[in-house]
Each structure stands twice: as C-alpha cells, then as structure tokens.
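The chain contents come next:
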Amino acid sequence: MRHIIVLVFLFWGGLVHAGALTVEDRRGAQRFDSSPERIAVLDWALAQQVLDLDVVPVAMPEIALYRDWVAEPAIPPEVIDIGRRGAPDLERLAALGPDVILVSDVAPADVARLERIAPVLVFDTFDASHDNIAAAQRIYLMLARLFDREALALARLDAMAREIEHLADDLRHRRFRQVAIIRLNDAATIWVYGENSFAVAALERLGLENALPQPPSRWGVAQRPLDTLAEVTDGALLAIRPHGPGAEVFDSPVWRFLPAVAQDRFAEMPPLWSYGGILTLGRHARAISAALISLAP
Amino acid sequence: MTDRRIAPRATMIGAVFLAVAVAHLAAGTDLEVSRMVALVLGAEPGAFADVQFTHAVLPRLAMALLCGAALGLAGSLFQQLTQNPLAAPLTLGAASGAWLALVIATLLLPTLATDRAEWVAFAGASLAYSLVVAISGLRGLIGLSAVLAGMAVNLLFGAIAATIVLLQSPYFGHLFVWGAGDLGQSGWDKVTWLTPRLLPLLVASFLLGRGLTLLRTGAEGAEARGLPLAPFLAVTAGLALGLTALAVAAVGLIGFIGLVAPNLARFAGARRPRAELLMSMGLGAGLLLATDLLAVLANQVTRDLVPSGAMTALVGAPALIWLMRRRLGAGDQAIYRLPPGPSRVAFVVWLGLAVAAVAMTLAALTVGRDEAGWQAAWPTMLTLELRWPRVLGAAAAGLAMALSGVILQRLIRNPLASPDIMGMTAGATFALVGTAILGGGSIHEAGAGTAILGSLLVLGLLLWLGRRHGHAPTVLALAGIALAALLDAFVKVALAAGSEDSYAIIGWLGGSTYRVTAREACQLALAALMGLGLVLLLRHWLTLLSAGDDTALARGLSLRLARPLCLTLAAALAALVTAWLGPVAFVGLLAPHAAVMLGGRRVAAQALVAGGIGAILMVGSDWLGRMALFPMQLPAGSVASVLGGGYFMYLLMRRKLL
C-alpha cells in the first residue's frame, strides 16, 4: 500500500516538473536537469544504496575496508578510492568531475565546499531522533528517482518485503520466538543491537521479539558486559562475524555457561553491515532466518 | 618493617577496603551470601549465576586487586626513584608507551601482540620512559619538567596510535574499550596469566628498600655508602616499568592509581621507603577496587558499558588537584631558564625563515598527487579554492599555537609547558564529544561555538583553581595537567563505545585543516595576527613574569593582574585553533623551543621566530598529511606531532635540549 502511495506521489512529482528532476534532501527540493551519470558517494551506507540500484559510482571511500566489512553488494574494480570516509580527498574527487555528490553527516560549510565541485545531495542517514530504517527507505526511493530507476527500486523493495514475509511464515512454526543479535568485541564485552537498528527491525518484520531490548540510539547498538547475555533465557543468540579478537570469548567459562550457549541456542551469522542501505534489512532477515533454521531445523 | 605509628591507620584502611571488597562482590551478583561462601569453598557451580560469580565477579575482584597493587607499587617506585610526587606510570608516559606498542603490534604482528603482550608492552613503556628521561634530563626528573615531558610523550604516542586506528577503522573496535581500561573478566585466564608474572616483580620491589633509603640522602651520599648507583636506578626503573607493562597488557590504560596511591600513602603517614611501597601497593589495590565498584554500579543503569578507567579518572583527577594544592609554593621561585642558543637571531635565520615560508606555501599550493602520480603545476581555480583555506588555516593555527606556547612557557617558567599539555585543547574536545554523544548527532555538526565554550570552561576552572595562590606557575601547570588528564579520560570513555562515531572523534582529535572554510581560515589568521600584536605589546610583562616573582614585583608588575590576563590570551589562541581544526599538539611546545635555539631569547624575537616556525611546520604537516598516504588524508595535527617528536629525538642525540 505504502509503495503505491509513493508511486502515485512520484508520478505526480514527475508531471509537475516535466523534463526536470526534483529530489528532496535534508535541505529541501533539489533540481536536476537530467539523471546524473557520474556519481560520487562519500559514505558506505549511501554507497550500498547506490549499488543496490545497480548504479556503479565513479568514486567512493575506503574500498578495501568495504570489501572486508560490508562485502555486499560487490564493488566493481573500476570504482576509484577517494580515501577516508571521514575525510575524502576533495582534489581527487574534483578531478573525477562527478555530476552529483552524495553525502551524509556533514556540516553546512562542508556542503558549500562540495557544491563548488558538483551538485550535492545531503541525506540524514543515521540519527538518534529518527527512524533509521524509514529514513533508509526514503533515501533509497529518492536516489531511485534521481537515477530514473523507480521501477527497479519498487520491485526490489517489494521482493524484499515478500521474501521477509515468506521467511516469517517459515519461522512461525519453528522453535525460537525471541532472538538477541550481537557482535563480539573482546573477551568480556559485546555489542547488542537494539531499537533503531537494521538487525532488530529485521527481527520485528520476521515476527520475532528482541530478547535483549536496548533503547534507541544513533546507531541502534549498545556496548555491554558479557554477562548481560545471561538475560537471553530461552531465546536464540546470534553473533555477526567477523569476530576479530572477540573470538577469545569462546574459550571463556562465562561464555560456555551462558544459558543460550550451554543449551545450544547460539549461532553465527556471516559478515553483515548493520549501518547500510535499506536492502540490508533483507540481508539481515535472510541471515537471521538461516541462522535460526540451523539451530532448529 | 612498617612504622609503628601507622599501624592503626593501616588497620583502619584495611577495614575500609574489606568493606569495599564485600560491596564489590555484592554489586556484581544476586547470590545469597551463604551460596557465595559455599562456592568459594569449592561447591560445584550449578546455575549460570554461580558461574558468573565464580568466573566473572571473583576474577574481576582479583584483577582489580592485582592491577591496583601493581600500579600503586609502580607509582611509588617511580616517585621514590625521581623524588617527584607527581611521577607515575601515566605522567611519565610509560602507560601510553605500552599502549602504543600493543596497538602497533596488533596491526603488524597480531600473534606477537596476543602471545607476548607483556614484552611488547614492556618495550613500549621503556621506550616512552627513556624518551621522558632524555627530554627532561636526569636532574629534571625531580620537578615539573618530567611530568610535562611525560604528557608530551603521551600526546605524541597517542597521536601515532590514533592515526593507525583511523586508517584501519573497523578492525580496531576492540582497542577502544581497552584504551579506556576495563576490568571485566569472563574467566580466570587473565588472572592466572598475570599472577606468576606479577609476583616476582612485587617481591623484588621490596628488596630495594635499603637502596631507596640511601637514595634519599642524595645520589652522591648513596654512592659514598656503597650503593652501585647506575645499576640500582636501572633496576628500580625496570621494575616500575615492568609492573606498568603488565597492568596495561592485562586490563588496558587505567590512569591515576599509580599517581594517587603513593601520595595517599605518605599522607597516611608512611615515611620509610619500604612502608611507602607496601602502603602504596595496598592503597592502589583498594583504590582500584573502590573505583571499579562505581563502574560496576554504573553499568547497571547506563545504556553503554562504563569502563573501569572512567571511574578512576573521575575520582583520581580531583584527588590529584587536591593533593597538589596541599603542597604548593615549592619551585615557584624558579626563574625561566632558556635552553642554550645564540644570543640573538642572525640575519641568516630571518632570511631562512622567510625563504622557507614562501617555499613551503608554494609547494603546498602547487604540488599534488593524482592517479598518474606527482603533479607540480599552478592549480586550477577550483583546486586553488580547495587548497588555500587549508594552507592559510594551517599557517594561522601554527602561528597561534606557537604564540600560546611562548606565553605559557614564560608564564609557567618551564620550557616544556604548552597549551595542549595544560588542558587548553582538552576542554574543546570534551565539549564537542559530549555534545555529540548527548545529542546523538555527529561531532562534525557540533560547531565551533561549542568548542570555544569548552575551552572557556577549562580556562575558568584554571583561573578558579589558581586564584588562592595568585595563579602561581606550579599551580597552573598542575591544575592544567590534571584537567587535561581528566578530560582525556572522559573522551576515551566516549570512544569506548567503538561505533562509527568513535572514528569521527578520532579523526577530529588528529587536528585537521580538512574542514576549515575560506572564511574561517581568514578569521583564524586575523585572530593569530592580533595575538601576535598583543604578545609584542605585552612583551615587558612576559619578560618580567619569566624573571621570577621578586623581580616582577620589584619592577612594579601586578602579578594578580598580569598572570590571569596572559593565561587568558594563551587559552584564547589555543581555543580558536581547536575550535576550527581540532587539537593541535606539539607545535606550542616545539616552536618556542626551536625559536630560542635559533637565538630568539627576547620575547619579541622569540614570538616572531616561533610564530614563523609554527606556521611553516603546520603548512608542511598539512601538505604531508594530504600527500603521504594518498588518497588517505592524515590530520595535520598528527603529522605535526610526529615531526615534533622527531625533532625532540634529534635534539636528544645532540644533547642540547635543556
């Protein structure tokens, strides 16, 4: 239903500005004469959104680290690395002559400087005061409109919704109704996903409950002492890889005696970027469901 | 072995700590007392609550006692070795040396970092300590210089570690908690690792008692009575460094315990070396246990983990300020001894500076890199627009920090004083990080106003803390160092969350011209030039202030007016730079020093030469930061720190420092 409203809205928008494109960003309506071809993306969440529209950016930051941590969707080799996420090389960016620069998390003065290079779209991706998942969906549709790929975007969102529904149906008959999703940090601390995170949003759409609720925050994640996990009394416990030095925890007595671990309610999930674009919701749902099925075939 | 008088006090302290230990146990578990006793006596754990008690609560208690004892003893050894009540693993750079070594090892040789953590940490701690000894000189160890040098080494090592973390971001998430220092345990592994390594060092420390007693009579006296001085000093320092390294390798950076415990021990009446060692060890263990109790309690109500180190800083820094306020006056009659150098600035030097400034500016504007390699060409309009605010911002920041350093070194009468070491950039950092965390937003959007407010807060605190003593140099320096250490500990706690924000904060901490706009660069340049004008106007004040209280008073200078005013000027310059670039370390320390060595002995000449050096250094660092790891951009402040550290080592090799 929501998609149809969006679609109607998009058509209406298209009629009003026949010929030109108008996209909403943080500052309001931004006009483009045509769909931009050369796209520069300055953070990973937006890069994932763009790649999920089958659009290949000309430039994005820290590609090597992206391959380790975000992994999906894969980055074609021709994309140029423009350095750190927090401080991309503007001269290199300018030399690439982009048609549009997509950014988040920047001060107004930075936007003004980027605008000297190319038109800029600023998005509020992650914020404690809004719903990160709704924001990601809004941004995805905005970008789809910018790249003239609304049909693809809606089809992907629809496919994702249907897939999640299907997974939820399957999980309904299985053992676990409560699930906690974590990342391991070191031998005594972990991160727990809570409100405003993709992991917990995916749980909810799968019809599951978060076994370790955390108040909403900017990134939807809280760092806690290991023994917090004892509160997962009869739910499943899922940890996102890579564990890094957090793997030390597997050898510790406290870990082995955690109710969830001792009773074989623990499983691992493949690398997932929890701070990505909207389709990452589906990636989480898929990984959660696979992990739960491995625990309760 | 112990003084008889202090026995009742020791008993009382022991009783308090027993109560703390019981509270620590009770806070960590919901078990009944009878069950706890049964488990300690060997009952088979059943439910998870039992295992949590036996394998998380108990080892945490043991770890607090062991690390507290190690840090307290290390602090006492350092203090007795240097006869300096401010010496400690934290203030002498040893802790941050151990930390940097472990960060580097984690990056380059991960297996070494986990299998031989104690040796890696020991190597780092020893390197940092040697650097501090070399900078302040053996004689300087007894005074403020050692602590100033230690804080400088902390800044340098911190900058290098932060840069490494920044470039490898998500891989270092776990280091953040460790950087803040946390005692959380999930088994007895670490305790059983630590105990056999720690015990020999604890025992060996008490064999030093006689030597330490002899040392109190002075180096010559001790040698005359048959103490082999050099080996003894080396062994003592080695033990203190070993204890520090073990604590850092086991639980991370926990500050203040080693500083506060020995001072408290003396306050409680420990006089003889061995009594002081023993009491410092006990008090260290008790203090860490007590502050960790606060962390355990805080963890039950906060969203994110509260690392133990946060609480030791919260309790330790005020304790430090209180302790140092009790023993004031000493050393305040000192006058500012300039480092050696020619008596005036030669024409060649002026010419050299001018040529270097022009050349560096041209290079920064015209030489760049792209996919094809190095390019030297007059930049296009757009490239120029991207480059000049950075170049101007860097130059202005260098000038302002150098001036701030010139003022502070004369005000504090110590050639190692500088705005970053004295907390003037920490206030801004704290305000920005705090706003970003409380507001749930990004540090990049918090704004310059917040940063300036934070710096003003630190300035206000310094003025308030120093008012009773007429803003005497030692008071200001110590209050500044204590505030800097406290605020730094808070920032480390904010970083501990290890989220994407942590990397944004680390990037900002490097001090970068990246976000300086054209307008801000011009404002900063104007402010720096006004600062230069004011320093030149106030040069007689500064000359008199550095000549000692008596001279200044005899010449009719109102110290109560001149000191706060000069302090405010120094703080304002540092605050502006920090607001727009982030903290820029080392320039304020290095530039005035180098200026003297080039002949800038009078205030006006020192300010001009230091300002020029500061500007050139920052423009050069900014350019290098943009080029070195292209397309990764390194913050100018971090590059300047590394270059500054290099400069000091060069001076050491030539033995011309102080």
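Residues numbered from 1 in each chain as written. Chains lettered and ligands numbered in written order. Predicted model: local features only at pLDDT ≥ 70, side-chain atom pairs only at ≥ 80, totals over all residues. Heavy atoms only, no water.

Participant: Mind showing me how you'd approach the overall build of chain B here?
Facilitator: Scanning chain B from terminus to terminus reveals 28 helices and two strands. Overall, chain B is about 80 × 60 × 40 Å in size when its C-alpha atoms are taken along their principal axes. Counting every position in chain B, which comprises 658 residues, the buried fraction comes to 63%. Across chain B, contacts joining residues at least 24 apart in sequence account for 79% of those joining residues at least 6 apart. Counting every atom, chain B has about 24,400 Å² of accessible surface; 69% of that belongs to carbon and sulfur. The averaged location of the 27 negative side-chain charges in chain B is 16 Å from the averaged location of its 42 positive side-chain charges. (Helix = DSSP H or I, 4+ residues; strand = E, 2+ residues; numbered from the N terminus. Buried < 20%, exposed > 50% of the residue type's maximum accessible area, 1.4 Å probe, protein only. Contact = heavy atoms within 4.5 Å. Areas by Shrake-Rupley, 256 points an atom, 1.4 Å probe, with all protein chains shown as cover. Lys, Arg positive; Asp, Glu negative; His and termini not counted. Charge placed at Lys NZ, Arg CZ, Asp CG, Glu CD.)

Participant: In this structure, what is going on with the nonpolar core? I would like to understand it.
Facilitator: A general tendency of soluble globular proteins is for nonpolar side chains to be buried together. Residue and element names in this part refer to chain B. Counting 228 residues, the largest nonpolar core has Tyr-129 and Met-618 as its most contacted members. Of all the elements, helix α3 (residues 48–82) adds the most residues to this core, at 17 residues. When residues are assigned to domains, this core turns out to be shared by domain 1 (7–326) and domain 2 (347–654), each giving three or more. Not counting chain neighbours up to four residues away, the residues in contact with Met-618 comprise Ala-394, Ala-397, Gly-398, Leu-581, Val-584, Val-587, Ala-636 and Ala-640. (Core = buried A, V, L, I, M, F, W, Y, C linked by side-chain atoms within 4.5 Å. Domains from an automatic or database assignment.)

Participant: Could you clarify how one ought to interpret the domain arrangement of chain A in this entry?
Facilitator: Quite often, the size of an interface is put as the accessible area lost when its parts meet. Residues and elements named next belong to chain A. Split by domain assignment, chain A resolves into domain 1 (2–155) and domain 2 (167–295). Put simply, the middle of domain 1 and the middle of domain 2, counted by C-alpha atoms, are 29 Å apart. On the domain 2 side, the residues contacting the 21 residues of domain 1 number 21 residues. Summed over both sides, the interface between domain 1 and domain 2 buries roughly 1,900 Å², with carbon and sulfur atoms accounting for 59% of that surface. The three residues of domain 1 that bury the most area against domain 2 are Trp-69, Phe-126 and Ile-133, which together make up 38% of that side's buried surface. For the salt bridge of Asp-105 with Arg-218, the shortest nitrogen-to-oxygen distance reads 3.8 Å. In this assembly, domain 1 and domain 2 are joined by eight residue pairs in polar contact (both at pLDDT 80 or more). Taken together, the elements giving at least two residues each to the side of domain 1 that touches domain 2 come down to α2 (44–51) and α6 (132–146). Top contributing element to the side of domain 1 that touches domain 2 by residue count: α6, with five residues. (Buried area = accessible area lost by both parts, 1.4 Å probe. Salt bridge = Lys/Arg side-chain N within 4 Å of Asp/Glu carboxyl O. Polar contact = N/O pair within 3.5 Å; in protein donor to acceptor, adjacent residues only side chain to side chain.)

Participant: Honestly, the pattern of salt bridges in this entry has me stumped. Any pointers?
Facilitator: Think of it this way: side chains of opposite charge can pair up when their charged atoms draw near. Evaluation of the coordinates by the stated rule reveals 26 salt bridges over all chains. Measuring nitrogen to oxygen at the nearest pair gives 2.5 Å for the salt bridge that ties Arg-35 of chain B to Asp-50 of chain B. Here the residue Arg-35 of chain B occupies a position in helix α2 (residues 33–40), and Asp-50 of chain B occupies one in helix α3, the gap between them amounting to 15 residues. Through salt bridges with shared partners, a single ionic network connects Glu-91 of chain A together with Arg-387, Arg-390, Asp-622 and Arg-626 of chain B.

Participant: Please clarify how the domain arrangement of chain B should be interpreted in this entry.
Facilitator: All names here are of chain B. Each domain of chain B was delimited in the assignment, giving domain 1 (7–326) and domain 2 (347–654). Just the C-alpha atoms count here: the centres of domain 1 and domain 2 sit 32 Å apart. Listed per partner, the contact involves 40 residues of domain 1 and 42 residues of domain 2. Together domain 1 and domain 2 conceal approximately 3,600 Å² of surface at their shared face, both sides included; 84% is due to carbon and sulfur atoms. At the junction of domain 1 and domain 2, the tally comes to zero residue pairs in polar contact (both at pLDDT 80 or more).

Participant: Looking at this structure, I do not really get the packing of aromatic side chains. What am I missing?
Facilitator: In this description, an aromatic ring pair is defined by two values, namely the gap between the centres and the angle between the planes. Counted according to the given criterion, the structure contains 15 aromatic pairs over all chains. An angle of 70° between the planes, with centres 5.2 Å apart, marks the rings of Trp-44 of chain A and Trp-273 of chain A as edge-to-face. Remark: Trp-273 of chain A occurs in the loop between β13 (266–269) and α11 (280–295) and Trp-44 of chain A occurs in helix α2; sequence separation between them is 229 residues. Comparing Trp-44 of chain A with Trp-273 of chain A shows no difference in burial state: the two are buried. With centroids separated by 5.3 Å and ring planes inclined at 50°, the aromatic side chains of Trp-99 of chain B and Trp-178 of chain B adopt a geometry described as tilted. Separated by 79 residues along the polypeptide, Trp-99 of chain B in helix α4 (residues 94–108) and Trp-178 of chain B in helix α8 (residues 173–180) bring together distant segments of the chain. For Trp-99 of chain B, a relative accessible area of 10% translates into the label buried. By way of ring pairs, the aromatic residues Trp-44, Tyr-66, Phe-126, Tyr-193, Phe-198, Trp-219, Trp-273 and Tyr-275 of chain A are connected into one cluster. Above the face of the Trp-44 of chain A ring, Arg-85 of chain A is positioned so that its terminal group lies 3.9 Å from the ring centre. (Phe/Tyr/Trp six-rings, centres within 6.5 Å; stacked < 30°, edge-to-face > 60°. Lys NZ or Arg CZ within 6 Å of the ring centre and 35° of its normal.)

Participant: Looking at this model, I keep getting lost on the interface of chain A and chain B. Mind explaining?
Facilitator: Contacts between chain A and chain B engage 59 residues on the former and 53 residues on the latter. Roughly 4,900 Å² of surface becomes buried between chain A and chain B when both sides are summed, with 56% attributable to carbon and sulfur atoms. Area buried by chain A at its contact with chain B is led by Arg-84, Glu-91 and Gln-223 of chain A, which between them contribute 14% of it. Across the chain A-chain B interface, the total number found is four salt bridges. Across the pair Glu-91 of chain A and Arg-387 of chain B runs a salt bridge whose closest N-O atoms are separated by 2.7 Å.

Participant: Would you mind showing me how to read the UniProt feature "domain: Fe/B12 periplasmic-binding" (unreviewed entry) in chain A here?
Facilitator: Look at the UniProt record and you will see "domain: Fe/B12 periplasmic-binding" (unreviewed entry) annotated at residues 38–297 of chain A. Counted over residues 38–297 of chain A, helix gives 39% and strand 17%. Its end C-alpha atoms are 47 Å apart. (UniProt positions renumbered as here; feature names shortened; annotations may be inferred.)

Participant: Whenever I open this one, the environment of Val-433 of chain B confuses me. Can you help?
Facilitator: Residues and elements named next belong to chain B. Turning to its location among the elements, Val-433 is positioned in helix α18 (residues 426–439). Note: C-alpha distance between Val-433 and Glu-276 (157 residues apart in sequence) is 39 Å. The residues contacting Val-433, other than those within four sequence positions of it, are Ile-443, Val-491, Ala-494 and Ile-505.

Participant: For this particular structure, what's the right way to read α18 of chain B?
Facilitator: What sets the pattern is the α-helix's 3.6 residues per turn: residues three or four places apart point alike. In this model, α18 of chain B (14 residues) spans 20 Å end to end at C-alpha, consistent with the 20 Å of a helix rising 1.5 Å per residue. On its buried face, α18 of chain B is in contact with α19 (448–466), α20 (473–496), α21 (500–509) and α25 (559–581) of chain B. (Expected span 1.5 Å × (residues − 1).)

Participant: Where do I start with the confidence of the model for chain B in this structure?
Facilitator: If pLDDT is low for a region, its predicted coordinates should not be looked at in detail. Residue and element names in this part refer to chain B. Scored by pLDDT, chain B has a mean of 86; 95% of the residues are at 70 or more. The secondary-structure element of chain B with the lowest mean pLDDT is α8, recorded at 78, while helix α22 (residues 518–537) shows the highest, at 95. In the model, residues 329–333 has pLDDT below 50 throughout and makes nine contacts with residues more than four positions away in sequence or in other chains. Overall fold confidence for the complex sits at a pTM of 0.86, while the interface term, ipTM, reaches 0.82. (pLDDT = per-residue confidence, 0-100.)

Participant: So what exactly am I meant to see when it comes to unusual backbone geometry here?
Facilitator: Excluding glycine, residues mostly have negative phi values, and the peptide bonds linking residues are mostly trans. A cis amide bond links Arg-241 of chain A with the next residue in sequence, Pro-242 of chain A, at an omega value of 0°. Position of Pro-242 of chain A among the secondary structure elements: in the loop between β12 (236–240) and α9 (253–257). Backbone torsion omega between Phe-630 of chain B and Pro-631 of chain B reads 5°, so that peptide bond is classified as cis. Its identity is not glycine, yet Ala-71 of chain A carries a phi of approximately 65°, on the positive side. Among the secondary structure elements, Ala-71 of chain A is positioned in the loop between α3 (63–69) and β5 (80–81).

Participant: I keep staring at helix α13 (residues 257–267) of chain B and nothing clicks. Help me out?
Facilitator: The element α13 of chain B is largely enclosed, with a buried count of eight among its 11 residues. All of the buried residues in α13 of chain B are Ile-257, Gly-258, Leu-259, Val-260, Ala-261, Pro-262, Asn-263 and Ala-265 of chain B.

Participant: Got a minute to help me understand the environment of Leu-146 of chain A in this structure?
Facilitator: Residue and element names in this part refer to chain A. Along the chain, the position of Leu-146 falls in helix α6. With relative accessibility at 0%, the residue Leu-146 sits in the buried group. Separated by 96 residues in the primary sequence, Leu-146 and Pro-242 place their C-alpha atoms 34 Å from one another. Setting aside chain neighbours within four positions, we find Leu-146 in contact with Leu-21, Val-23, Phe-32, Ser-35, Pro-36, Leu-102 and Leu-121.

Participant: Could you clarify how one ought to interpret the packing of helix α7 (residues 150–172) of chain A against α11 of chain A in this entry?
Facilitator: In helix packing, the relevant descriptors are the interaxial angle and the interaxial distance, both defined with respect to the helix axes. Residue and element names in this part refer to chain A. Two elements in contact, α7 and α11, have axes whose closest approach is 10 Å; the angle formed by their N-to-C orientations is 20°. On the basis of their axis angle, the class for α7 and α11 is roughly parallel. The way α7 lies across α11 gives a crossing that is left-handed. Contacts between α7 and α11 involve Met-160, Glu-163, Ile-164, Leu-167, Asp-170 and Leu-171 from the former and Leu-281, Gly-282, Ala-285, Arg-286, Ser-289, Leu-292 and Ile-293 from the latter. Residues that form the contact of α7 with α11 fall into these classes: eight nonpolar, two polar and three charged. (Axes fitted to C-alpha atoms, helices over the stretch in contact; angles between N-to-C directions. Parallel < 35°, antiparallel > 145°, perpendicular 65-115°, else oblique. Left-handed = near helix turned anticlockwise from the far one by under 90°. Nonpolar A, V, L, I, M, F, W, Y, C, P; charged D, E, K, R; others polar.)

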